[in-house]
Amino acid sequence: MSDLGLPAQIRACLFDLDGVVTRTAVVHAAAWKETFDTFLREHGGGGQRPFDAAHDYDEYVDGLPRADGVRSFLASRGITLPEGSPDDPPDATTVQGLGNRKNDLVLRKIREGGVEAYDTTLEYIREVRARGLATAIVSSSKNCLDVLRAVDAVGLFDVRIDGVVAAERGLPGKPRPDTFLAAAADLGVEPSQAAVFEDALAGMDAGRAGRFGRVIGVDRVGQAEALRAHGADVVVQDLAELAGPAEATRTVGGER
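About the thresholds
Residues numbered from 1 in each chain as written. Predicted model: local features only at pLDDT ≥ 70, side-chain atom pairs only at ≥ 80, totals over all residues. Heavy atoms only, no water. Helix = DSSP H or I, 4+ residues; strand = E, 2+ residues; numbered from the N terminus. Contact = heavy atoms within 4.5 Å. Core = buried A, V, L, I, M, F, W, Y, C linked by side-chain atoms within 4.5 Å. Buried < 20%, exposed > 50% of the residue type's maximum accessible area, 1.4 Å probe, protein only. Pairing = 2+ DSSP bridges. Right-handed = clockwise from strand over helix to strand, strands pointing away. Axes fitted to C-alpha atoms, helices over the stretch in contact; angles between N-to-C directions. Parallel < 35°, antiparallel > 145°, perpendicular 65-115°, else oblique. Left-handed = near helix turned anticlockwise from the far one by under 90°. Nonpolar A, V, L, I, M, F, W, Y, C, P; charged D, E, K, R; others polar. Salt bridge = Lys/Arg side-chain N within 4 Å of Asp/Glu carboxyl O. Arc of directions from axis to C-beta.

Trainee: Tell me about the side chain of E198, and please be specific about residues and values.
Mentor: Within the secondary structure, E198 sits in strand β4 (residues 194-198). Beyond its immediate stretch of four places on either side in the chain, E198 contacts D16, V20, K174, F180, G203, M204, I216, G217 and V218.

Trainee: Now, about the nonpolar core: what can you tell me, with residues and values included?
Mentor: Counting 36 residues, the largest nonpolar core has L6, F15, V21, Y124, F157 and F197 as the members making the most contacts within it. Sorting the residues of this core by element identifies β1 (12-15), α1 (25-44), α4 (95-113), α5 (119-130), α6 (144-150), β4, β5 (214-218) and β6 (234-236) as the ones contributing at least two each. Counting 25 residues, the second-largest nonpolar core is a separate cluster that includes A134, I161, L201 and A232.

Trainee: For the pairing of strand β2 (residues 134-138), give the residues involved together with the corresponding values.
Mentor: Counted residue by residue, β2 has five buried out of five residues, so it is predominantly covered. Neither face of β2 is left uncovered, since the one carrying A134, A136 and V138 and the one carrying T135 and I137 both have all their residues buried. The pairing of β1 with β2 spans four bridges and is parallel. Bridge pairing in β2 places F15 opposite I137. The pairing of β2 with strand β3 (residues 159-161) spans three bridges and is classified as parallel. For A136, the partnering residue across the bridge sits in β3 and is V159. After leaving β2, the chain enters α6 and then returns to the sheet as β3, a path that is right-handed.

Trainee: Describe the packing of helix α3 (residues 66-76) against α4, listing the residues and the values that go with them.
Mentor: Two measures define how a pair of helices packs: the angle their axes make with one another and the distance between the axes. Look at α3 against α4: their axes get within 9 Å of each other, and the N-to-C directions meet at 110°. Here α3 lies roughly perpendicular to α4, going by the angle between them. Crossing of α3 against α4: the hand is right-handed. Between α3, through R66, A67, V70, R71 and L74, and α4, the contact on the second element is made entirely by V95, Q96, L98, G99, N100, K102 and N103. By residue class, the composition of the contact of α3 with α4 is five nonpolar, four polar and three charged.

Trainee: So what's going on with the environment of C13? Which residues, and what values?
Mentor: Tracing the chain through its elements places C13 in strand β1. Judged by relative accessible area, C13 falls into the buried class, the value being 0%. Once the C-alpha coordinates of C13 and N143 are considered, the two residues, 130 residues apart in sequence, prove to be 21 Å apart. Not counting the four nearest positions on each side in its chain, C13 is found in contact with L6, V128, L133, A134, T135, A136, A195 and F197.

Trainee: Explain the pattern of salt bridges to me, and be specific about the residues and the numbers.
Mentor: Taken as a whole and assessed by the stated rule, the structure comprises 19 salt bridges. In this structure, K109 and E34 form a salt bridge, with 3.5 Å as the shortest nitrogen-oxygen distance. Placement of K109 in helix α4 and of E34 in helix α1 is noted, with a sequence separation of 75 residues between them. Relative accessible area serves as the criterion here: at 34%, E34 is assigned to the partly exposed category. Linking D205 and R208 is a salt bridge whose minimum nitrogen-to-oxygen distance equals 3.6 Å. Of this pair, D205 and R208 both sit in helix α9 (residues 201-209), three residues apart, which is roughly one turn of that helix. With a relative accessible area of 38%, R208 lands in the partly exposed category.

Trainee: So, α3: which residues are in play, and what are the values?
Mentor: Residues of α3 that are buried include every one of A67, G69, V70, F73 and L74, and no others. Each buried residue of α3 lies within a common arc of 160° when the element is viewed along its axis, so the set occupies one face. At the C-terminal side of α3, G78 shows a positive phi close to 70°.

Trainee: Any chance you could break down the sheet that holds β2 for me, citing the residues and the numbers?
Mentor: Reading across from one edge, β3-β2-β1-β4-β5-β6 is the order of the six strands in this open sheet, with parallel pairing throughout. Strand pairing shows two members of the sheet lacking a second neighbour, β3 and β6, which therefore form its edges. Across the sheet, the mean angle separating the axes of adjacent strands is 20° when strand polarity is ignored.

Coordinates in, geometry out; function isn't part of it.
Written as structure tokens, this is what we have:
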């Protein structure tokens, strides 16, 4: 499967959503910034550093379940909040309340600006499926299904493991490998027979921890070295690069 950039043993491809399939990572980053900056102004005191979308997003929230992202960022500022409950209102000063505030902002931004897919990713997925490989979407987002519907991509995936499914099954999120492992199991393949496609550092950690057959980092924001350091076998800026000759693919990403 050299023209797909995959080893011969790969039978399934597991794709992250935000930043890999859809152009929603920037929407999430903007929603996190608005959420945290407002909170820090109101409750964290004037001396707290605001949320830095160029660093804090990748380091503390990208790829994580929503509540984990809240805890992770607040810990970086030395702040601890009560956990609260999942139905906390968005103005509640709790972990769950802040997470719900961020989610409301994401949904508003998506409604106002719409959702775009990476066309080259959709083309790559269609080619993968045409070759008989199974596909899964693996996302921490509880809005995953709505986003897939918005870009008419639901039918491109045999299995969906998202924030809703993970909660139902009690699966811990990335950087733990459990959601990716569940997707592989649902597709009937061993981890060594599956390739992970991720843009988040937490996703790279999950792919490495799960011992998947290939971990492909998608570098949308200039963090190629960090993706490699966290476990990427190959790093590309766009999945179209994987459809070229095998030698070119190796040059782009290198091996672990």
